[in-house]
Amino acid sequence: MTPRFAALASLRIIPILAGFCLVGTGASAQTRDVAGRVLAADDSTALPGVRITVLETGLQVSSDAEGSFTLRGVPTSALRLALERVGVRQDTVDLPAGITTITVYVGVTAVQIRPLITTAESPNRERFEAEAQPSTVTLQPREISAVPTIGEPDVLRVVQLLPGTVAKNDFTSTLNVRGGESDQNLVLLDGITLFNPYHVGGMFSTFDNAAINTVDFTAGAFSAAYPGRLSSVLDVSLRQGRNDRIGINAMLSGLSAKLLVEGPIPGTAATFMIGGRRSYADRWVDAFTDESFLYYFGDLTAKLSLPLPTDGVISLVGYAGRDVGSTPWLSESSGQEPVDLEFDWGNTVAGLYFEQPIGNWWVSQRVNVTRFTTGIGLVPDVFDARNKTTLWSAATNVGAQLGTHRVQVGGSLEPYTFTYRAERPQLETVVLDQAWAPTVWGVYAEDQWNVAPWLFVRPGIRGEYVEGTGRMTWAPRLSAKAFVTENFAINGSIGRFYQPIHSIRDQELPVSFFEFWIGADSVTPIGRSDQGVLGVEVWPRDDWSFSVEGYTKSYEDIVMRDRADDPKVQGDEFFITRGYSWGVDVLVRKHFGPLTGWVAYSYAKSLRRLGSLSFAPGHDRRHTVDVVLQTPGPFGSQLGLRWGYGSPLPYTGIIGSWPHRRYNSQENQFDDFESEVLSASINDQRFPPYHRLDASIRWELGTNVKWRPFFQVVNVYNRQNVFFYTYDFTGTPARRGGFSQLPIVPTLGVEVEW
Amino acid sequence: MAARAIGYRLSAIGAVLAAITLPACELEEVAIPSGEEVLIVHAVMRPDQQRQFVLLESSWRGEVDPADLDRFDLPPNSPQLPVEGAVVTVSNVDFPGDPCGSAVVFDENAPGLYQGPGNCPTMGPGDQLELQILLPNGDVIRGTTEVVGLDSAWVRGALDSLPFGSLDSLIFNRDSDTLQFAVYSSHGRLVELQFNRLDYYGNLSTSEFDRSSFLADTNDFIMPGTTLDLLDRGEGDEVVRAGRRYVMTVAMTDANYFDFVRSQNNELTGRGFINHLEGAVGVFGSIVASPLTVDAVGDAKDPREGTYRLTGVAAGVTVDATLSMYLRQATDSADLSAFLRGVWLQETEQGWMPWDPRGLSVDGGFVGPTFEIVVEQPMLTDRGERPGTTLLLTGTWAADSFQVAVKDNGVFGALDLGALTAVKQ
């Protein structure tokens, strides 16, 4: 630890005497509003859920997910603040007279082994105590990095281990939540929608764990404030850059090399954080072999945060990620002009967020743009196919704490654009040219009413008008929580959800690179789901929680790819299906201490109906078990274990093959053929059960500069989980082969933090 | 087939990406029980053809001899697993007074190959045809199609335009010209354009490397002469090479055929093929096609290219011919193609005689200045021209003139026939 950092840690308080601190905040001459943040002394990560008490007045507030808090109307005289939270060293600090901004550094008491395992899960407890919101789990970066996986910590891979989620196989990061399709999840990066948050065709997520503050995953019954999805919300918030000095985090993993830099912007109260990563397999192959590996991905995440003298905050977030590949299709040696197969895809997002407290009220304004583009082509000029998905959004939210009511209302405007174009430039022929452009106007209102200390009720409603459909949808929701004891609550929710955009990707494919989105119009329906959740949540001890939730969901007007669509006709790309799912999710979680982790069990049943045809969707897994543990290991290490079990998933059985013949119009005969499979009923077979054990071991070395080497093994006992089968009916007897999912995969890496 | 080819190619692209991302292991192959029988129908009604046919066969279920899979060219061949004994009829529901009968019975002339009588059923553009197949077990297969029409089809090169169906040949400079197509039809869904090289005997080549096809979902489209067939063949072969003669066929197809060629079942989901038959998988569609002969020429990009006058005596025949020679690329070693015209020699049962090859297209190659050209040409018998003669032309190229040795490359070895003098024109 540097002397400066040690001093910070020992003082634990840094009054920031910036010029703006004397600017009036709307408070009277005798009182003031104080905006503050609570950060961990050892690494400046934000600490949510810390209770701050003004000892002189008794006023109490808690820090939010970003460690921020506001003390309203406190005397301008010198005060003492007490800070307490499970897992945080209890302490008091001085709040000098006249100061309106403060940053507090506190020690984390649960640091018995390494910070990797030490944070208390107070966000979950805080939510338990304060919110009528079921089905939500909060993850923090340290928990995510402790779960063994391939390459480097991956948010989506960890979310896949939570109850209610199904991962179809090892090669996809997509989520099927409580029986829903993967396009029914709203994925947010600091409040900005991401359409396809994946690299390497869905194998890895786009999120850099080092840049993350918290991850809130809500598997159902989510707030009316969230627009336009049926099944879940994955809300990934980026942390602010540290404000005391420049910090650096770097990692070299089996997947990529990355670097994150953060710190204050001199002369201002603003902070920045910028991180980038890039896969390096292509460079490695180029450098050490005679082969070419023309594929890479990279991304850049940045956040600029500016606390305002009026206690508000402005933040600017940007993200750009790209997967790029190229391979020779026709070499120069052919004597022709070379032709390459080139493909790329990626997200580009930017968002501006403003939040301002005004007494007991607050107002926020958000303006975002998110774009996903993909293209594949034989260049130059042979074939080109492009998809562009764009969403501009603006949202205004106003909230207030009015006695026992916490009211929130808002409105949003979301113009989507989805375009698809495929052409053969050489022939000047356009194969496909289609576009959807729904614009969604949304309003919502929600009130959490603490009817009694033991009863919370949260009614809400969301209305959306989708231009082009002429439809105004109203989605009422009601959640409630009743405390039997202070550690035992019954919660439940019912509600209706609408989704104006769909993916027409074939959801039955075991793996896919990305979703292909279309939007509601005069023929494309708005998806609808009615849902109910009922469960209990118990905290037998401060560090243990246990929850059981049953749910039921209906699906109406869900689209399913129709491969018989005519490329010249828009509106025939899908069938309209309906269905249902129901199940039970169980989560036992140890939040802090030497042993942390969780055991998740899900029982689920899903069915889809297409006309008179009923079938189980490809993610219809009856039983899912995930055990995730972190515990101290030998030589000062930290061990991570994950074992997962999944009962058989459906697939479509192949019953033979046929010669799909080629007709020669010149000779009037069929002169060639391709052997093509024939199937029976959709998803009428089931794969064998899935199970897999992963393990990791990590160390933390050094003080000023922290080195964190890690070694991970995925699929320790090399289980051959079936990925897909292949068939050969062109001999006697027929034969079935196939491919397994991930074999045993060891990976090494090291993280450096300063 | 281009649309389906695109599908296959995109699947291949997926496979490439999968190879990048999927370090998976192959599962051990195991024997499985035989699959279920699905009946397969392939039938394309051609109002421009005298006889129609329907192929009826079974799917492969794991009970087929792999050696049988090498059967192509149906008809005249039969399918691998023919379904015999069915009653196949085709009716023109829009022409109840069809002199062929209200339901034309197709006879089984070979196992699984059912052929209708000549010029039956009667059909015209827009007519609805119904296929009915009564199987020996009593099951019935049904399908319908709308007969397409091809009102007119034109292609325009650099200098002139010709209608398809013309007896004239279109001279086409592949290096500088772009073909422009215009196809007019009141009934039809998709245009299929097919190139097929005329082989040494004036027949369409059976080699898949000499054939390309494209689908166009529009009535107007273009094709630059330098277009490569990257989707069907994928090897970067030119659709047309200078020095070669092609038959270019434009076909108007119905929606059933369009779906048949553009769709396929995904290997993993078993779904994707767009089937319009009831009781079977396959196609009952309609096409009208019209051909046009194209002689492809090119710009001179190498001094070895050009037209040479061949004179001299070979096998006792006084030769006075021209050889218009084009290289595939301007490299030291390069393939060549050439048109042979004028007075040449032909083997007959009475010996070698003068013969006009009428622009016979031949192939060969250069290694530096040394060349070898293979002239596969018909021999004249009492029963007419038949395949059988292969002449070998060899020599060392020189700028102005050089000698060309002519050999009869028979089964017993090369026999010298004489030497010709080549002079660049």
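Only a predicted model underlies this, so the values are computations on that prediction, with no experimental measurement involved. (Residues numbered from 1 in each chain as written. Chains lettered and ligands numbered in written order. Predicted model: local features only at pLDDT ≥ 70, side-chain atom pairs only at ≥ 80, totals over all residues.)

Each helix and strand counted, chain A has five helices and 49 strands in total. The C-alpha atoms of chain A give 27 Å as radius of gyration, which agrees with the globular expectation for 754 residues (27 Å, within 12%). Taking the principal axes of its C-alpha atoms as reference, chain A extends roughly 100 × 60 × 50 Å. Counting only residues that meet the buried cut, chain A has 50% of its 754 residues in that class. A separation of at least 24 residues holds for 62% of the contacts in chain A among residues at least 6 apart in sequence. (Helix = DSSP H or I, 4+ residues; strand = E, 2+ residues; numbered from the N terminus. Rg over C-alpha atoms; globule rule 2.2 N^0.38 Å. Buried ≥ 20, exposed ≤ 12 C-beta atoms within 10 Å, placed from the backbone. Contact = placed C-beta atoms within 7 Å.)

This next bit is on the overall build of chain B. When helices and strands are tallied, chain B shows two helices and 28 strands. For chain B, the spread of C-alpha atoms along the three principal axes comes to 75 × 65 × 45 Å. The 425 residues of chain B split such that 44% are buried. Summarising the internal contacts of chain B: among those between residues at least 6 apart in sequence, 60% fall at separations of at least 24.

This next bit is on the confidence of the model for chain B. Averaged over every residue, the pLDDT of chain B is 88; the share at 70 or more is 91%. This model gives residues 1–13 of chain B a pLDDT under 50, and the stretch forms 25 contacts once residues within four places in sequence are excluded. (pLDDT = per-residue confidence, 0-100.)

Another aspect to go through is the sheet that holds strand E6 (residues 79–85) of chain A. To summarise the sheet geometry, strands pair through backbone hydrogen bonds and adopt either a parallel or an antiparallel arrangement. All names here are of chain A. Strands sit in the order E4-E3-E6-E7 across an open sheet of four strands; the sheet is antiparallel. In this open sheet, the two strands that pair with only one neighbour each are strand E4 (60–62) and strand E7 (88–95). On average, adjacent strands in this sheet sit at an angle of 20 degrees to one another, irrespective of strand direction. Summarising the sheet, E6 and E7 pair through six bridges and their orientation is antiparallel. (Pairing = 2+ DSSP bridges. Axes fitted to C-alpha atoms, helices over the stretch in contact; angles between N-to-C directions.)

Remark: a regular strand shows side chains that alternate across the two faces of the sheet. Residues and elements named next belong to chain A. Bridge analysis of strand E47 (residues 722–728) against strand E48 (residues 734–740) gives six bridges, and the strand direction is antiparallel. Its bridge partner being in E48, Phe-724 is matched across the sheet by Phe-739. With antiparallel pairing between neighbouring strands as the criterion, E47 and E48 make up a hairpin whose turn holds five residues.

Our focus in this paragraph is helix H2 (residues 255–262) of chain B. In terms of burial, H2(B) is largely enclosed, as seven of its eight residues are buried. When we look at burial in H2(B), the residues that qualify are B:Asn256, B:Tyr257, B:Phe258, B:Asp259, B:Phe260, B:Val261 and B:Arg262.

The interface is formed by 78 residues belonging to chain B together with 73 residues belonging to chain A. No other element matches the six residues that helix H1 (residues 2–21) of chain B contributes to the side of chain B that touches chain A. Looking at side-chain class alone, the side of chain B that touches chain A contains 43 nonpolar, 21 polar and 14 charged residues. (Nonpolar A, V, L, I, M, F, W, Y, C, P; charged D, E, K, R; others polar.)

So, about the pairing of strand E9 (residues 152–156) of chain B. Residue and element names in this part refer to chain B. Alternating positions in E9 separate cleanly, Ala-153 and Val-155 being buried on one face and Ser-152, Trp-154 and Arg-156 remaining unburied on the opposite face. Note that E9 and strand E12 (residues 178–184) share five bridges and pair antiparallel. Bridge pairing in E12 places Ser-152 opposite Tyr-184. Bridge count for E9 against strand E10 (residues 161–163) is three bridges, and the pairing is antiparallel.

Residue and element names in this part refer to chain A. Taken as a whole, chain A shows an average pLDDT of 88; of its residues, 94% reach a score of 70 or greater. Here strand E1 (residues 13–15) stands out as the element of chain A with the lowest mean pLDDT, 32, in contrast to strand E29 (residues 455–466), whose mean of 98 is the highest. A low-confidence stretch, residues 1–29 (pLDDT under 50), is modelled with 51 contacts involving residues beyond four sequence positions or located in other chains. Considering only residues more than four positions removed or in separate chains, one finds that residues 110–121, a stretch of pLDDT under 50, has 42 contacts.

A word on the environment of B:Ser361. Residues and elements named next belong to chain B. Its place among the elements puts Ser-361 in strand E24 (residues 360–367). Remark: the alpha-carbon pair of Ser-361 and Thr-322, spanning 39 residues in sequence, is separated by 12 Å. Other than its neighbours up to four places away in sequence, Ser-361 contacts Leu-198, Gly-243, Arg-244, Arg-245, Ser-337 and Phe-339.

Residues and elements named next belong to chain B. On the secondary structure map, Gly-285 appears in strand E19 (residues 281–297). What makes Gly-285 buried here is the crowd of 27 C-beta atoms within 10 Å. Residues Gly-285 and Arg-46, spaced 239 residues apart in sequence, show a C-alpha to C-alpha distance of 8.9 Å. Residue contacts for Gly-285: discarding those within four places in its chain leaves Val-44, Thr-145, Thr-253, Asp-254, Asn-256, Tyr-257 and Phe-260.

Another aspect to go through is the nonpolar core. Counting residues in each nonpolar core, the largest one holds 124 residues, and the members touching the most others are B:Val41, B:Ala43 and B:Leu56. At ten residues, E19(B) tops the list of elements feeding residues into this core. Residues in contact with B:Ala43, not counting those within four places in the same chain, are B:Phe53, B:Val54, B:Leu55, B:Leu131, B:Val283 and B:Phe284. The next biggest cluster of nonpolar side chains, apart from the first, holds 57 residues, and it includes A:Val137, A:Val155, A:Ala210 and A:Ala219. (Core = buried A, V, L, I, M, F, W, Y, C linked by C-beta atoms within 7 Å.)

Right, let's talk about the sheet that holds E9(B) for a bit. Residue and element names in this part refer to chain B. Reading across the sheet, the four strands line up as E10-E9-E12-E15 and stay open at both edges, with antiparallel pairing between neighbours. Of all the strands in the sheet, the pair left with one neighbour each is E10 and strand E15 (220–224). Neighbour-to-neighbour, the strand axes of this sheet turn through a mean angle of 20 degrees, independent of strand direction.

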